[in-house]
Amino acid sequence: MRRACTSLTGVLVIGAIVRLALVPLWHGMDFDVWRIASRELLRGHNFYAHKPHDLPGGPYAYPPLFVYLEAPFRFVMNVTGLSFRLLGKIPILAGDALVAWALVRWARRNELPEERVVAVVALWWLNPLVLYNGAFYGRFDCLVLGLLLCALLTGPPTDTDSRWYSRSAAWFGAAIAAKTFPAFILPWFWRNGRNRSKLLTGIVVFVGAISLPFALAPGAFVQATVLYDTAKAPTNLSWQIVLRHVFDTDTNRAIGTFVLIGFIVTLFKLTRLDLTEYCAAAFCAFVVFSKVVNEQYLVWALPFLAMLVVTRPERPHRWMLGLYTIVGTIVNPSIHPLGYQGHMQTLWINLVLSVATGVYLGWQLRRHRRPEWVIDLGPAGDDIVHLTPDEYHALRG
């Protein structure tokens, strides 16, 4: 036990040192978006309705929670003159740490041996794609994943919870109020969860309250946060970029939107899986069906694939974890030894990524696993009792 705890401490220290070394080196274009949006928030401007002239790319395309978190650090920069590259990455590093904490909590709650606790944390904390995406580039997907994992660890609302508020709805709402991708998990709860109306009501109330100042101009807010990507042509790591050489731009947009219907259908088909498998598969499915696939999308599945790798003997989980890590690390805006993403020279990587993910999803569906929870979150090995949703809720009282 002492040796395993020492190993966990060593993993955490090494990961922390690497992050501190990466933070000042560089940041990507997305990080400039956080810097400018937080500036506009401090000025009292609606950056959804009135796009700042120096904002790179399109509008701020996410709900506003992360800008709220960045605003105090932007204020400190204004007062002290310290670099926003250092200050603005603090919430991002906190997100990395939150995911690591949640993984430790999940593993120990399910009574995994300490060696597996170390393994699941290392697969996240020392993952090159995670290090690149957060500490180096400056994206906040890790923070959203941390909030989502807290929601899953909390479990669904109980009968004693208020209709308008529960801890799980608050955590879910916070995750969705930062980025919308945690909403992909809700079909599992809709099909398998008890008190689902209480969960969904709480989420809507929480997200609505967070977004209210900007939702007063609903057209611009919805256009930026929900509809922005629908106007894009296929790009980056999506297999659909091959269609750019076959059809015109408007046709490609229409095809991409139609293909997303398959994503929604797939999500509901995947609800037969247990919760951890579903989370991994749902985020993987988006890689297949979305016409816009950036390397940060590959991060979404990583903590759940790490859970599956340390608790399940099947190799496909390991293959997907390795594939997503490698592709995201070597095909991105700053590291691209094989060529730039979104170009024909890297099309074969897009096809490999999509085909491998499709095979993984098909393998998951063929197994026809019935939905189950183990204590509060997913599988935990052969020595842990697997519970159906009804048994789980009965246990919680």
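For the structure, see preceding data.
Keep in mind that what you see is a predicted model, and the values were worked out from it rather than measured. (Residues numbered from 1 in each chain as written. Predicted model: local features only at pLDDT ≥ 70, side-chain atom pairs only at ≥ 80, totals over all residues. Heavy atoms only, no water.)

Draft legend 1. How the structure looks around unusual backbone geometry. With phi around 60°, Glu 111 is a residue other than glycine that occupies positive phi space. On the secondary structure map, Glu 111 appears in the loop between α5 (90-109) and α6 (114-125). Judged by relative accessible area, Glu 111 falls into the exposed class, the value being 60%. For Asn 236, which is not glycine, the phi dihedral falls at a positive 60°. Here Asn 236 shows up in strand β1 (residues 235-236). Given a relative accessible area of 14%, Asn 236 falls into the buried group. (Helix = DSSP H or I, 4+ residues; strand = E, 2+ residues; numbered from the N terminus. Buried < 20%, exposed > 50% of the residue type's maximum accessible area, 1.4 Å probe, protein only.)

Draft legend 2. The packing of helix α8 (residues 141-154) against helix α9 (residues 167-178), seen in detail. Running from N to C, α8 and α9 cross one another at 160°; their axes reach a closest spacing of 8 Å. The angle between the axes of α8 and α9 places the two elements in the roughly antiparallel class. Judged by the sense of rotation from one axis to the other, the crossing of α8 with α9 is left-handed. For the pair formed by α8 and α9, the contact residues are Val 144, Leu 147, Leu 148, Cys 150, Ala 151, Leu 152 and Thr 154 on the first element and Arg 167, Ser 168, Trp 171, Phe 172, Ala 174, Ala 175 and Ala 178 on the second. (Axes fitted to C-alpha atoms, helices over the stretch in contact; angles between N-to-C directions. Parallel < 35°, antiparallel > 145°, perpendicular 65-115°, else oblique. Left-handed = near helix turned anticlockwise from the far one by under 90°. Contact = heavy atoms within 4.5 Å.)

Draft legend 3. Up close: a nonpolar patch on the surface. Residues Leu 42, Phe 75, Val 76, Val 79 and Leu 82 make up a contiguous nonpolar surface patch of roughly 450 Å² in combined accessible area. Among the elements that line the nonpolar patch, the one with the most residues is helix α3 (residues 65-80), at three residues. Looking at the secondary structure, you find Leu 82 in the loop between α3 and α4 (84-87). Overall, the relative accessible area of 47% leaves Leu 82 in the partly exposed class. (Patch = residues over 30% accessible without salt bridge, like charges linked within 9 Å, V, L, I, M, F, W, Y side chains within 5 Å. Areas by Shrake-Rupley, 256 points an atom, 1.4 Å probe, with all protein chains shown as cover. Salt bridge = Lys/Arg side-chain N within 4 Å of Asp/Glu carboxyl O.)

Draft legend 4. Inspection of the pattern of salt bridges at higher detail. The full count for this structure, using the stated rule, is 15 salt bridges. Close ionic contact of Asp 250 with Arg 253 constitutes a salt bridge, the shortest N to O distance being 3.4 Å. Highlighted residues: Asp 250 and Arg 253, both in helix α13 (residues 249-270), separated by three residues, approximately one helical turn. By relative accessible area, Arg 253 is classed as partly exposed at 32%. The network of salt bridges with shared partners includes Asp 274, Glu 277, Arg 312, Glu 314 and Arg 367.

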